[in-house]
Amino acid sequence: MLIPLILSGGSGTRLWPISRRNLPKQFLSLSGNRTLFQQTATRVMALDDVAAPIVVAAADHRFLAAEQLQELGINGASILLEPVARNTAPAIAVGAFQALKRDADALVLVLPADHLIGDEVSFSDAVAQARPAAIAGSLVTFGIRPDRPETGFGYIRRGDALDATTFRVAEFVEKPAQDVAQRYLDSGEYDWNSGMFLFRADRYLDELAEHAPAMLEAARAAFEKAHVDLDFIRLDAEAFAAATNDSIDYAVMEKTAHAAVVPVSCGWSDIGSWDALWMAADKDAQGNRLEGDVIALDTRGSLIRSHDRHLVATIGLDDVVIVTTPDATLVARRDRSQDVKKIVDQLKAAGRTEHDLHRVVRRPWGSYDSLESGDRFQVKRIVVKPGAALSLQMHHHRAEHWIVVKGVAEVTCDDKVFLLAENQSTYLPLGSRHRLRNPGKVPVELIEVQSGSYLGEDDIVRFDDVYGRA
């Protein structure tokens, strides 16, 4: 049985300000109507003899992953929650344990959740070509045939042929300098390291036992001590944190004698920067990728993305990236887009929140948008999905006013439970136990006005929560 293992723990900092810690790039629609995560899930479920996927995700993204699979109608997925980020090798190990729990002969297809594949037929063919070697015990990676001397990827040098389409790996090479990358391209012997793999679950764990035994034992303990939380499997935090923070390349693939590669040209991109997204996108006659309300005069080779109805106008610019969100705007030379991570690092160092949260914050019950804030007040627009409810909670430092602008809300305030219709409002005193629920079939929208000495999101004491949050 082929079991997809989708790795979804990345933060996507190089695609700031769209991608942020609470909503990273894999859960965003950057190309097409579906998110990168959904495109990955849809792609693998179209393969032959395939089971429901295993997803390894950060605990904070559990509801995003579950909801996006639900939107696709994919049932039976296993969602393993990482308490801390520990790179790909431990994540794949716990995924392999879960695969073996389903099938002792499981073939695991490891895929990052945030890659684009333009040619899905070629991708499917490559997976089929890799199966015989994987079944026989090889750890197969997929090498992307290079079309330019790219310095941002690792490379794989092909060795002897195992069959017509599969080769031994002769060497893994780190990201090269420009002249070396050109030499690799000219030789025809090298492929880009895609980070996609196919192997038997038991074979991967065998190799981990040989080359990184402490990591294997930490992953085993984290899996065996895991507990079920709603529809999720929470890995044991202490055990998983003990695992070495290493990639599968470093921990296993560069050390094993059983690495193989299937070269493929499938319109692949890791969307690792705004420049990579520009290269993968459809462009106009001037080489521009324009999204949203944009007027571009005498502008070429640029990616310009405007949020909502915010007009962006350019004159006489070449090869730039301009991205707007409600609370941040990025302007950069396209060839410097890899340096966006430095902006994120500065935001973190300064204690700012723009690297972490969008102005619109998604929650399992819906979302809230921070419209305005000042000394001792904050105004939010809150949307609650049909049938959903916030936790029963209280605040030590703020009171709240709720004004319903759409739908009908059920409000709990201490010992009272009542309905609020459109244009009705209520006051929730500081220290009161309160809850908001949508009993209807359309979203409830309301304006929340907070007032008090401290308005941070950590001033929430939860007494009851249907989503299992502390």
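All values derive from a computational prediction rather than experimental measurement.

**Thoughts on helix 2 (residues 62–72)**
Within the sequence span of helix 2, burial applies to R62, F63, L64, A65, Q68 and L69. Those residues of helix 2 hidden inside the fold are in contact with helix 1 (36–45), strand 2 (54–58), strand 3 (78–82), strand 11 (232–234) and strand 20 (360–363). Looking one or two places after helix 2, you find G73, whose phi comes out positive at around 75°.

**Quick word on the pairing of strand 21 (residues 366–374)**
The pairing of strand 20 with strand 21 spans four bridges and is classified as antiparallel. Bridge pairing links R363 to G366 in strand 21. The antiparallel pairing of strand 20 with strand 21 creates a hairpin that spans two residues between the two strands. In this structure, strand 21 lies alongside strand 22 (residues 377–384), joined through eight bridges in antiparallel fashion.

**Looking at the side chain of T412**
With respect to the helices and strands, T412 occurs in strand 25 (residues 409–413). In contact with T412, not counting residues within four places along its chain, are L392, V417, R433, H434 and R435.

**Quick notes on the environment of V55**
Along the chain, V55 turns up in strand 2. Taking the relative accessible area as the measure of exposure, V55 reaches 0% and is therefore buried. Expressed as a C-alpha distance, the spacing of V55 and A66, which sit 11 residues apart in the sequence, is 9.5 Å. Setting aside its immediate chain neighbours within four residues, V55 contacts I6, S8, F37, L69, S78, I79 and L80.

**Examining the packing of helix 3 (residues 88–102) against helix 6 (residues 201–211)**
Where helix 3 meets helix 6, the axes come as close as 9 Å, and the angle between the chain directions of the two elements is 135°. As far as their axial angle goes, helix 6 and helix 3 are oblique. The interaxial crossing formed by helix 3 with helix 6 has left-handed handedness. Taking contact as the criterion, the partners of A89, I92, A93, A96, F97, A99 and L100 in helix 3 are, on helix 6, A201, D202, Y204, L205 and L208.

**Things to note about the sheet that holds strand 22**
Pairing in this open sheet of six strands is antiparallel, and the strands run 20-21-22-29-24-27 from one edge to the other. Looking at which strands have only one partner, the edges of the open sheet turn out to be strand 20 and strand 27 (425–428). Adjacent strand axes in the sheet meet at a mean angle of 20° when their direction is disregarded.

**Digging into the pairing of strand 4 (residues 107–112)**
Two faces make up the sheet, and in a regular strand the side chains alternate between them. Among the six residues in strand 4, six count as buried, and that is most of the element. Pairing of strand 1 (residues 2–8) with strand 4 involves six bridges; the strand directions are parallel. Opposite I6, over in strand 4, you have L111 as the bridge partner.

**A few points about the UniProt feature "domain: Nucleotidyl transferase" (unreviewed entry) in the protein**
Per the UniProt record, "domain: Nucleotidyl transferase" (unreviewed entry) is found at residues 4–286. Secondary structure over residues 4–286 splits into 36% helix and 24% strand, and the C-alpha atoms at its two ends are 39 Å apart.

Cut-offs and rules
Residues numbered from 1 in each chain as written. Predicted model: local features only at pLDDT ≥ 70, side-chain atom pairs only at ≥ 80, totals over all residues. Heavy atoms only, no water. Buried < 20%, exposed > 50% of the residue type's maximum accessible area, 1.4 Å probe, protein only. Helix = DSSP H or I, 4+ residues; strand = E, 2+ residues; numbered from the N terminus. Contact = heavy atoms within 4.5 Å. Pairing = 2+ DSSP bridges. Axes fitted to C-alpha atoms, helices over the stretch in contact; angles between N-to-C directions. Parallel < 35°, antiparallel > 145°, perpendicular 65-115°, else oblique. Left-handed = near helix turned anticlockwise from the far one by under 90°. UniProt positions renumbered as here; feature names shortened; annotations may be inferred.

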